[in-house]
Amino acid sequence: MAVDRPRRSAGPSLAALLNQERVFALALIAPLQFLLWFLLIIPTIIVLYLSLVNWQPIMGVDWWQAPFAWLGNYARVLQDRRFWEALLRTAGLVGVSVSLEFLLGLGLALLFRQDFRGKRLLTSVVLYPMMLPWVVVGLVFFLLFLDKGPVNYLIGRLLGADAPFDWYGHSISALGVIVLADVWQWTPFMFLILYSGLGALPKEPQEAALTLGASRWQVFRLVMLPLLRPIVFIAIVIRALEAFKIFDLVFIITRGGPGTATESLSLYLYLLSAVYGQLSYAAAMAVLVLVLVAMLTRVATKPLEQRAIR
Amino acid sequence: MRILAALRWLIALFAAAVILLPVVWTLSISFKPPREWVAYPPRLIPEEPTLANYQVLFQVGNPVGAIAEMTRSAESVSRAFLNSLIIAPVATVAATAIGFFAAYAVSRYGAGGPLFPLSVLTTRMFPPIAFAIPLLVYFRMLDLIDTRLGLVLMYTGFTAAFSLWMIKGFIDGVPRHIEEAALLDGASRWRVLFTITLPMVKGGIAAALLFVFILNWTEFLLALVFSSRHATTIPVQVSHYAGAVGRFYGPQAALGIVASLPVVGAGYLIQRHLVRAFTFGLVK
Amino acid sequence: MGKGLERLQLTRREALKSAAAAGGLVLGSSLIAACQPQATRAPSPQSPVARVAGATPEERALNGIKALKDAGKLKGGETFTIMHHSGQRNNIVPALEEWNRLTGLNFVSAAVGAEPDIYTKALNEAVVRTGNFDIFLTFVNWIADMAEAGLIVDLTDFYSRYDPEVDHGPNAYVPPLDRFTTTYKGRRYAVGADDDAFSCFYRKDLMNAPEEAKRFEDKYGRKLALPTTWKEFDEWVAFFDRPDQGIRGAHMYAERYFAYTAWASRFVSRGGAYFNDNMDPTISTPEGVSALEEQVRLVRTHMLPEAVTGDWTVAYSRFPQGAVFFAWAWPSLGKFSEDPKNSKIAGKVGAMAVPGTTHNGQLVRAVPHVVGWSFSVSRYGKNTEAAYAFIQWFTGPKTGLDAIARVGTLDLFRKPWFDAEVMKKAYGAELLPILLEGTQNAFPDISLRGANEYLDKLNLNLQQAFAGKKAPAQALKDTEAEWQKTTDRLGRLGQVEAWRSERQGYPATIRDLWKKLGKFPS
């Protein structure tokens, strides 16, 4: 434990008060805690309330007057095939994209660890995709993979193939384009965290290991990776949470089609709340998703907590 | 070793090229007149390059083409730019600052209990669309709809989770004995925080700043729902070039490129802080 | 049998729900009334009407503003906000400037990007009532939702006091636009500001090439002519489909948003209707299934895959590029393709009427009116009468003509405008009579409460059929099942009333056809 060193001063001054361990810690989390309470408490109550009633704005009654459905909305979600399909599809998307992003991001971060000519410029280039507005990323990938778009044109030229491939006509290839766009846009994020994480590693243990005759691979695996682990965890958790909400790219590239073949959970929730106006039902679904994701995240971050306690 | 360095350089160059391809295509579209946007066979270099897509954005001169006429209006992107230039940086600095404080308290004192970081992270766990209406109802009570302050508060609250987690990861990696030694020397906790810990996690803070800035700069949904005339931001403006006659690919691409420039600038400035931090701290 | 029982139970449950919703205020009034928001319940205050003086709709609108100001109900310089789509700025913003000059008020534009966002934002306003918007310019078929949500006011009284000359006199709208762009459940909730009857465009140069006539006749045993029926149309498109020459037969929407258009046109021209009088869907009928089978065949054999999976801008690109022989879309595609700045086929574009179906020697055309824009007035705005006055002024015979003639996404809707020189210049003299005829045969999108949901479920299933992932009959059956759920959730009684009113807005030819086929006996 940190040593609580009492400073000799005349009486309990404010500075001394703020220097007390508990007060210090509370003062540090207070801004965040209060902001979140301020932002979230009332809306959360409203969401929970909405999820228990049967309400759409177009029913012509105010939401606080809507008839109760109690758990009816939740039961409906559990029976909703489109929900389960979207959930599984989204989980698959997250798995594939985040793994690829992690591997590519780690590779790039290792590559950029040493100095080389033009590194600063190239770092900017590598970081660039995540700086573009999402509409534009979706748009460009959509256009690239059009039936009569540049990619098919190049394939046609290279292979001499006559029939261009219909990327958006099949769920797998359409999802592939979405994954590709996501990986393109968000590998830079993995790179950003892992690159700065690698930079923060102490150099001595690595140098020591090298002098002791360890190979570069051994140094990486046995010395760097364990030290990097908390940051790797955090990068993956953050990225997975964001990827789970994937909406923009799907919305622009396929609109979830053909039919619902590429619909993500967020797109379904968007249609439910913004287009169908089924706000109660969407609220129930969102609450269920939140509970599920929170539980998964808890499991995933368990190792981190244990480390922190050590 | 020479060969290895050359190889490294080549791979980096190749990666950059792959990353740049879609960007180049975006640039190409932004200089094309409407009839070339999805021309077949596709051409990288516009047959008749034009600046019209950029001119539309700023209402400079009298741009040519039907598309330009349709998107012409009294309202240019300048207000959206101004709003974004205020909202995103303010929210980013605020989120990073409170995230950093909280991260330190959590990492060193377990403040808020073991579940606190996870509870903060719930703000990122479900799609904002499902939360938009309740939040809208609440902001109506507070009279914060269509104000910059409203967006700043939301952006700060919803991105602080990331700065907390990212920076916490870096603080966890800083050995405590350095801080403890300073405390024993009689430094106050605040002094230790700002003069010992902060410099050592500068890389993490820089990464968090950049990432949070990007999130705030490109956020669309909340901006759309919570703005009507006064608080419109750049991403909302980009969506204005999606019309009933079709999407205006050219102006959208152009605005995308223009909108990314401030982030590129921020990224370039922040870059050198990404890695130097720790070596700086341990040099002694 | 079982189905009927289920229906009965649902209706009862609904009734209980609406009773609960009204918080015990039902007091024996009819259930339908209980489902309504105040919008339809409140009796209007201005009932014995004093008509506003003035010779034209524009004059009356301006006089109305003057009267409001004189009565102290309206202050000069007051700000009114219009929510509209960004593509309409060029139509609206110059008009606003003039209106503000004439009235001394401050009307401002608040543009929204993608169309669905307009719906979202309007419905949000129904919930939170900020008063940030006074006027909405939205899709025609969102009027029902906005009215039921209590967002917009019933304009019927303003119609009688101000007379916008929508359905009578020399300046009337082209029927049936006068009805279905303005009316919900028999009341006026909106003022139409657009005509979106779909139009057909083809490559005149290929069609008129002499060698084609001979080849066509050899192949089909009849003269090459513009097709009038869907059957002829299918052969015609197949004939001009030349993949080896880089030109495909047609581009017709089959994607996620507008997949229903061509199918609906075939279906309705056969005498089909979306629902019966009890709001049971009637699309998985022989008319519906055969219409879809034909359209699926056309899409899958004679179109680019982009018709199914591309976004709808693609049609506006492929046709002007010369990559397809035929395209159908909004009237502006014609303007767009004749402009050499956008198009490689300027001067080669022909326009033709939408094909139909022959019934006992009589040709019935059913032209989908896709989207379309209407003005409505927010209940939570500053002054509903002043807001209405602007709408009437903007859509008036003179100001409207000027506003529509400027390039933008609004198209002409008053009958005399089809002869106006400025329109001939904007649309081309050839297209206007065809567009006029098409408009007279135009039928509305599903415009019930929950229209978005009905249409989205339909499109979802149709797109699967067009992508070859679902059999046509199954796609329609699945849609029906979804529609039943939607109807039951929203309240069947109210939907029945709305649908009966809505089908009065179909063109006379189609209503006659329904009668001949014995539909809708009530």
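The structure displayed is predicted, hence computed values, not measured ones.

Asker: Can you explain the overall build of chain A? Please cite residues and give values.
Answerer: Within chain A, the secondary structure is distributed over 13 helices and 0 strands. In chain A, the order of α-helices and β-strands from amino to carboxyl end is α-α-α-α-α-α-α-α-α-α-α-α-α. Over its C-alpha trace chain A gives a radius of gyration of 25 Å, far above what one expects of a compact globule, namely 19 Å for 310 residues. C-alpha extents for chain A along the principal axes are approximately 75 × 65 × 30 Å. Among the 310 residues that make up chain A, the fraction classed as buried is 48%. Put simply, of all contacts in chain A between residues at least 6 apart along the chain, 67% involve residues at least 24 apart.

Asker: Can you explain the overall build of chain B? Please cite residues and give values.
Answerer: Across its full length, chain B carries 13 helices and 2 strands. Out of the 284 residues in chain B, the part that is buried amounts to 59%. Of all intrachain contacts in chain B linking residues separated by at least 6 positions in sequence, the fraction that spans at least 24 positions is 75%.

Asker: Tell me about the interface of chain A and chain B, and name the residues and values.
Answerer: With 89 residues of chain A at the interface, the matching set in chain B holds 94 residues. With 17 residues, the top contributor of residues to the side of chain A that touches chain B is helix α2 (residues 21–52) of chain A. Here the side of chain A that touches chain B is composed, by residue class, of 67 nonpolar, 12 polar and 10 charged.

Asker: Residues and numbers for the sheet that holds strand β7 (residues 199–203) of chain C, please.
Answerer: All names here are of chain C. Taking strand neighbours across the sheet as the criterion, the 4 strands line up as β8-β9-β7-β10 in an open arrangement whose pairing is mixed. Whereas interior strands pair on both sides, the edge strands pair on one side only; in this sheet they are β8 (248–251) and β10 (349–352). Sheet twist, expressed as the mean angle between neighbouring strand axes with direction ignored, is 20°. Note that β7 and strand β9 (residues 324–329) share 4 bridges and pair antiparallel. Paired with Y202 across the strands is F326, a residue of β9.

Asker: Before we move on, could you go through the pairing of strand β1 (residues 79–85) of chain C and cite the residues and values that matter?
Answerer: All names here are of chain C. Burial runs high along β1: 6 of the 7 residues are buried. The sheet contact formed by β1 and strand β2 (residues 106–112) spans 7 bridges and is parallel. Its bridge partner lying in β2, H84 is registered against A111. Crossover connection from β1 via helix α5 (residues 89–103) to parallel β2: handedness right-handed. Looking at chain direction, β1 and strand β3 (residues 135–139) are connected through 2 bridges and run parallel. Note that in β3 the partner of M83 across the bridge is F136.

Asker: Describe the interface of chain A and chain C, and please don't skip the residues or the numbers.
Answerer: Across the contact, 25 residues belong to chain A and 35 residues belong to chain C. A class-by-class count of the residues in the side of chain A that touches chain C yields 13 nonpolar, 8 polar and 4 charged.

Asker: Account for the environment of T159 of chain B, with residues named and values stated.
Answerer: Residues and elements named next belong to chain B. Summarising the element assignment, T159 is placed in helix α7 (residues 148–172). By the C-beta count within 10 Å, which is 26 here, T159 ends up buried. Setting aside chain neighbours within four positions, we find T159 in contact with A91, A95, V212, L215 and N216.

Asker: Talk me through helix α24 (residues 492–503) of chain C; I want residue IDs and the actual numbers.
Answerer: Residue and element names in this part refer to chain C. The end-to-end C-alpha distance of α24 is 16 Å, a good match for the 16 Å that 12 residues give at a rise of 1.5 Å each. Looking at α24, one finds that the buried residues are G494, Q495, A498, W499, E502 and R503. Summarising the axial view, the buried residues of α24 lie within an arc of 150°, below the 170-degree limit, and thus occupy one face.

Asker: Now, about the sheet that holds strand β6 (residues 191–192) of chain C: what can you tell me, with residues and values included?
Answerer: Pairing between the strands of a sheet is mediated by backbone hydrogen bonds and can be parallel or antiparallel. Residues and elements named next belong to chain C. The strand order across the open sheet formed by 5 strands is β2-β1-β3-β14-β6, and the pairing between neighbours is mixed. With partners counted over all chains shown, the strands left at the sheet margins are β2 and β6, one partner each. Looking at chain direction, β6 and strand β14 (residues 373–377) are connected through 2 bridges and run antiparallel. Across the sheet, residue V191 finds its bridge partner in β14, namely F375. Helix-sheet contacts for α5 involve β1 and β2, and the interaxial angle to β2 is about 165°. Lying on the sheet, helix α18 (residues 384–394) is in contact with β1, β2, β3, β6 and β14; it crosses β14 at an angle near 155°.

Asker: Account for the packing of helix α4 (residues 78–109) of chain B against helix α10 (residues 202–218) of chain B, naming residues and giving values.
Answerer: All names here are of chain B. Taken N-terminus to C-terminus, the directions of α4 and α10 make an angle of 140°; their axes are 9 Å apart at the nearest point. Judged on the interaxial angle alone, α10 and α4 are oblique. Classified by chirality, the crossing of α10 by α4 is right-handed. Touching S84, A88, A91, T92, A95, T96, G99 and F100 of α4 are I205, A208, L209, V212, F213, N216 and W217, all from α10.

Asker: Tell me about the pairing of β3 of chain C, residues and numbers included.
Answerer: Residue and element names in this part refer to chain C. Counting buried residues in β3 gives 5 out of 5 residues, a clear majority hidden from the surface. Bridge count for β3 against β14 is 5 bridges, and the pairing is antiparallel. Bridging across to β14, L137 finds its partner in F375.

Asker: Which residues make up helix α12 (residues 265–275) of chain A, and what values go with them?
Answerer: Counting buried residues in α12 of chain A gives 10 out of 11 residues, a clear majority hidden from the surface. A positive phi of about 70° marks G277 of chain A, the residue just after α12 of chain A.

Asker: Before we move on, could you go through the confidence of the model for chain B and cite the residues and values that matter?
Answerer: Residues and elements named next belong to chain B. Per-residue confidence for chain B averages 85 on the pLDDT scale, and 88% of its residues sit at or above 70. Predicted confidence is poor over residues 60–66, with pLDDT under 50, and the contacts of this stretch with residues over four places away or in other chains come to 17 contacts. Low pLDDT (under 50) marks residues 277–284, which in the prediction has 15 contacts with non-local residues, meaning those over four places away or in another chain. Two summary scores accompany this predicted model of the complex, namely pTM at 0.91 and ipTM at 0.89.

Asker: Describe the confidence of the model for chain A, listing the residues and the values that go with them.
Answerer: The predicted coordinates of low-pLDDT regions are not to be read in fine detail. Per-residue confidence for chain A gives a mean pLDDT of 89, with 93% of residues at or over 70. When pLDDT is averaged over each helix and strand of chain A, the minimum, 82, is found for helix α1 (residues 14–19) of chain A and the maximum, 97, for helix α3 (residues 72–78) of chain A.

Asker: How would you summarise unusual backbone geometry if you had to cite specific residues and measurements?
Answerer: Here the amide bond leading from G257 of chain A into P258 of chain A is cis, since omega sits at -5°, within 30 degrees of zero. Counting through the fold element by element, P258 of chain A comes out in the loop between α11 (248–253) and α12. Cis geometry is found at the peptide bond from P175 of chain C to P176 of chain C, where omega equals 5°. By secondary structure assignment, the location of P176 of chain C is in the loop between α8 (156–162) and α9 (177–180). The phi angle at E165 of chain C is positive, at roughly 55°, despite the residue not being glycine. As for its placement among the helices and strands, E165 of chain C is situated in the loop between α8 and α9.

Asker: Please provide a residue-by-residue account of the environment of A5 of chain B, values included.
Answerer: All names here are of chain B. With respect to the secondary-structure elements, A5 resides in helix α1 (residues 2–30). Judged by the 13 C-beta atoms lying within 10 Å of it, A5 falls in the partly exposed class. Separated by 201 residues in sequence, A5 and A206 place their C-alpha atoms 27 Å apart.

Quick notes on the rules
- One numbering rule holds for all chains: residues counted from 1, following each sequence as written.
- For naming, the first written chain is A and the first written ligand is 1, with later ones following in the order written.
- With pLDDT at 70 or above as the cut-off, local features in this predicted model cover only qualifying residues; side-chain atom pairs require 80 or more to be listed or tallied, and sums for whole chains, interfaces and linings still use all residues.
- Under the DSSP-based scheme used, a helix requires at least four consecutive residues in state H or I and a strand at least two consecutive residues in state E, with every element numbered from the N terminus.
- Note on method: radius of gyration uses C-alpha positions; expected globular size equals 2.2 Å times residues raised to 0.38.
- Once C-beta atoms are placed from the backbone, each residue is buried if 20 or more other C-beta atoms lie within 10 Å of its own, exposed if 12 or fewer, and partly exposed for counts between those two.
- A residue pair is marked as a contact if its C-beta atoms, positioned from the backbone, fall within 7 Å.
- Residue type decides the class: Asp, Glu, Lys and Arg count as charged, Ala, Val, Leu, Ile, Met, Phe, Trp, Tyr, Cys and Pro as nonpolar, and the leftover types, Gly among them, as polar.
- At least two bridges found by DSSP between two strands is the condition for calling them paired.
- Every axis corresponds to a line fitted to the C-alpha atoms, with the helix fit spanning only the stretch in contact, and the corresponding angles, defined between N-to-C directions, vary from 0 to 180 degrees.
- Handedness of a crossover: with both strands directed away from the viewer, a clockwise path from the first strand across the helix to the second marks it as right-handed.
- Expected helix span is given by 1.5 Å per residue-to-residue step, counting one fewer step than there are residues.
- The directions from the helix axis to the C-beta atoms are what the arc is built from.
- Reported orientations rely on four angle classes, namely roughly parallel under 35 degrees, roughly antiparallel over 145, roughly perpendicular from 65 to 115, and oblique for the rest.
- By definition, any crossing whose near helix is turned counterclockwise from its far helix by less than a right angle is left-handed, and any crossing with a clockwise turn is right-handed.
- By definition, pLDDT measures how confident the predictor is in each residue, and it falls between 0 and 100.

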